[in-house]
Amino acid sequence: MNKYKIGFFVLLGLLGFTMYANYDYRVFKALIAQNYMPKDALEELYSRHIAAENRRGFSRDFDRMVIAVVTSELSEISQDQYTYLYAPQEFQASVAADRAAARTAKFYALDENTAYLYIPNISRLTRMFVHTNREELAQFSNLVLDLRGNYGGWLSEFHRIADLFVPNGAVISHEITRHSMLTRAVTSTNDAFFDFDQIIILQNRNTASAAEGLIMALSEHLPNVTTIGQTSFGKGTGQVTLPLTGGSAVRATILQVLGPVRQDIHNVGLAPDIEIDIAADFIAEALAQIQPFSP
């Protein structure tokens, strides 16, 4: 028997195993999508979970409908608002909104000793913005890091931003999964690039997720960090978003994210060192905290 015949039989075996492994689901899908008689009830079920403009037929939409039902039920049971099915338009809009927000990142001098850095979310674009401006930022003695309204984003990008601030080998966060082999402590892999005399972090009730992780990492490992504002949102979970066929995507909570010393801030948030009213002049308050220590 030559290698081509062996390959054919191996492929045939894998195909047979795949069909057997998915037998129950395939049978159920055919039974419901193609043969269920109370068609009005079937139409109602699909319409609850898939918008009319995205409907392609009972069989073609069955997988997405099942995903929508399961994620909806899980979200309700666990009170987890971060697990759901994106419709194609929603997924595109989410990506576009993240990119648009990232483009509002800014950096400028507040005075000759103090830089102001605003990061609207934690994404590849905002991480690149920080990295692109790091040489100029490093020329200042002090930093006001504005994370107000920063709703978070990619954990991997938060790690890379924190890497610029904290010492090599410092624990940035803990990621807890259902599988012990994937649970890990994330550590800094480079020597700190920045060496500010003082760092003032501005936060509010909408500072969340990876932005809260960044605050915990800097506050834990640097002695010169002061936080100002209101208690943050309190999101200590991590999600993965996987694109699906037809432009949809599924998002699911797969991680519990803890701080460097295993702080769990989920549904609790981070209290600031100095609490001020949301209508207060945050920049003036930040400069007031820095001024006594400026040369």
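If you're wondering where the values come from, they're calculated on a predicted model, not measured in any experiment. (Residues numbered from 1 in each chain as written. Predicted model: local features only at pLDDT ≥ 70, side-chain atom pairs only at ≥ 80, totals over all residues. Heavy atoms only, no water.)

Q: For this particular structure, what's the right way to read the overall build of the chain?
A: Secondary structure summary: the chain contains 10 helices and 11 strands in total. Here the C-alpha radius of gyration of the chain, 24 Å, is well above what a compact globule of 295 residues would show, namely 19 Å. Counting only C-alpha atoms and orienting by the principal axes, one finds that the chain spans roughly 80 × 55 × 30 Å. Across the 295 residues in the chain, those meeting the buried criterion constitute 42%. Taking the contacts inside the chain whose residues are at least 6 apart along the sequence as the reference set, 69% of them involve residues at least 24 apart. Counting only carbon and sulfur atoms, one obtains 56% of the accessible surface of the chain, whose full area is about 16600 Å². For the chain, the centre of its 24 positive side-chain charges and the centre of its 31 negative side-chain charges are spaced 15 Å apart. (Helix = DSSP H or I, 4+ residues; strand = E, 2+ residues; numbered from the N terminus. Rg over C-alpha atoms; globule rule 2.2 N^0.38 Å. Buried < 20%, exposed > 50% of the residue type's maximum accessible area, 1.4 Å probe, protein only. Contact = heavy atoms within 4.5 Å. Areas by Shrake-Rupley, 256 points an atom, 1.4 Å probe, with all protein chains shown as cover. Lys, Arg positive; Asp, Glu negative; His and termini not counted. Charge placed at Lys NZ, Arg CZ, Asp CG, Glu CD.)

Q: Whenever I open this one, the sheet that holds strand β2 (residues 106-109) confuses me. Can you help?
A: Where strands meet in a sheet, backbone hydrogen bonds hold them as pairs that are either parallel or antiparallel. The 6 strands are arranged β2-β3-β4-β7-β8-β11 in an open sheet whose pairing can be described as mixed. Edge positions in the sheet fall to β2 and β11 (274-275), since each has one partner strand and no second. Here β2 runs beside strand β3 (residues 114-118); their pairing, made up of 4 bridges, is antiparallel. When the sheet's bridge partners are listed, Ala109 is paired in β3 with Ala115. Packing against the sheet, helix α9 (residues 210-221) makes contact with β4 (142-146), β7 (198-203) and β8 (225-229), and its axis sits at approximately 140° to β8. (Pairing = 2+ DSSP bridges. Axes fitted to C-alpha atoms, helices over the stretch in contact; angles between N-to-C directions.)

Q: Just to check I follow, could you spell out unusual backbone geometry for this structure?
A: Excluding glycine, a negative phi dihedral is what most residues carry, and trans is how most peptide bonds are arranged. In this structure, Ser209 takes a positive phi of about 55° despite not being glycine. Summarising the element assignment, Ser209 is placed in the loop between β7 and α9. Taking relative accessible area as the criterion, Ser209 reaches 10% and is therefore assigned buried. Not every positive phi belongs to a glycine, and Arg262 is a case in point at roughly 65°.

Q: I tried to follow the pattern of salt bridges on my own but got confused; where do I start?
A: Think of it this way: side chains of opposite charge can pair up when their charged atoms draw near. Taken as a whole and judged by the stated rule, the model has 9 salt bridges. Across the salt bridge formed by Arg56 and Asp61, the nearest N and O atoms sit 3.2 Å from each other. Each member of the salt-bridge network shares a partner with another, and the members are Glu43, Arg55, Arg56, Asp61 and Arg64. (Salt bridge = Lys/Arg side-chain N within 4 Å of Asp/Glu carboxyl O.)

Q: For this particular structure, what's the right way to read the packing of helix α2 (residues 23-35) against helix α4 (residues 58-78)?
A: Helix-helix packing is described using two parameters, namely the angle between the two axes and the distance between the axes. Packing of α2 against α4 brings their axes to within 10 Å, and their N-to-C directions diverge by 120°. It follows that α2 is oblique to α4 by the angle criterion. Judged by the twist between their axes, the crossing of α2 over α4 is right-handed. Every residue of α4 that contacts α2 at Tyr25, Phe28, Lys29, Ile32, Ala33 and Gln34 is listed here: Phe58, Ser59, Phe62, Asp63 and Val66. Partitioning the contact of α2 with α4 into residue classes produces 7 nonpolar, 2 polar and 2 charged. (Parallel < 35°, antiparallel > 145°, perpendicular 65-115°, else oblique. Left-handed = near helix turned anticlockwise from the far one by under 90°. Nonpolar A, V, L, I, M, F, W, Y, C, P; charged D, E, K, R; others polar.)

Q: Sorry, what's going on with the layout of surface pockets here?
A: In this approach the atoms are scanned with a rolling probe the size of a water molecule, which exposes any empty space left behind. In this model, the largest pocket occupies a volume close to 1100 Å³. Lining the largest pocket are 39 residues, with Asp98, Gly153, Trp154, Thr241 and Arg251 sitting closest to its centre. Residue assignment for the lining of the largest pocket shows that the elements contributing at least two residues are α5 (88-102), α6 (124-132), α8 (155-162), β9 (237-243) and β10 (249-258). Among the elements that take part in the lining of the largest pocket, α5 stands out by supplying 7 residues, more than any other. Class assignment of the residues belonging to the lining of the largest pocket gives a composition of 17 nonpolar, 14 polar and 8 charged. (1 Å grid on protein atoms, 1.4 Å probe; cavity = no way out; pocket = protein on both sides within 12 Å on 5 of 7 lines; lining within 4 Å. Points joined across faces, edges and corners; volume = space filled by probe spheres on them.)

Q: How do you make sense of the nonpolar core when you look at a structure like this?
A: Counting 36 residues, the largest nonpolar core has Leu145, Phe158, Phe165 and Leu218 as the members making the most contacts within it. Contributions of two or more residues to this core are made by β3, β4, α8, β7, α9 and β10. Broken down by element, the residue count for this core peaks at 6 residues, all from α9. Beyond its immediate chain neighbours, meaning those up to four positions away, Leu218 contacts Leu145, Ala162, Phe165, Val166, Ile201 and Val225. Counting 10 residues, the second-largest nonpolar core is a separate cluster that includes Tyr116, Ile200, Leu202 and Ala286. (Core = buried A, V, L, I, M, F, W, Y, C linked by side-chain atoms within 4.5 Å.)

Q: Explain the side chain of Asn121 here, please?
A: Tracing the sequence through the fold places Asn121 in the loop between β3 and α6. At 3.0 Å, the side chain of Asn121 and the side chain of Tyr151 are in polar contact. Not counting the four nearest positions on each side in its chain, Asn121 is found in contact with Asp98, Ala101, Ala102, Thr126, Asn150, Tyr151 and Gly152. (Polar contact = N/O pair within 3.5 Å; in protein donor to acceptor, adjacent residues only side chain to side chain.)

Q: Where do I start with the pairing of β10 in this structure?
A: Look at any regular strand and the pattern is simple: side chains alternate between the two faces of the sheet. One ladder, built from 3 bridges, connects strand β1 (residues 84-86) with β10; its direction is antiparallel. Each residue of the ladder has a partner; that of Tyr86, found in β10, is Ala249. Pairing of strand β5 (residues 171-176) with β10 involves 3 bridges; the strand directions are antiparallel. Of the residues in β10, the one forming a bridge with Glu175 is Val257. With 7 bridges connecting them, β9 and β10 associate as antiparallel partners. Each bridged residue has a counterpart across the sheet, and for Thr237 the counterpart in β10 is Gln256. Taking the residues between adjacent antiparallel strands as the criterion, β9 and β10 are bridged by 5 residues, where Gly246 takes a positive phi near 80°.

On their own, these measurements won't tell you what the molecule is for.
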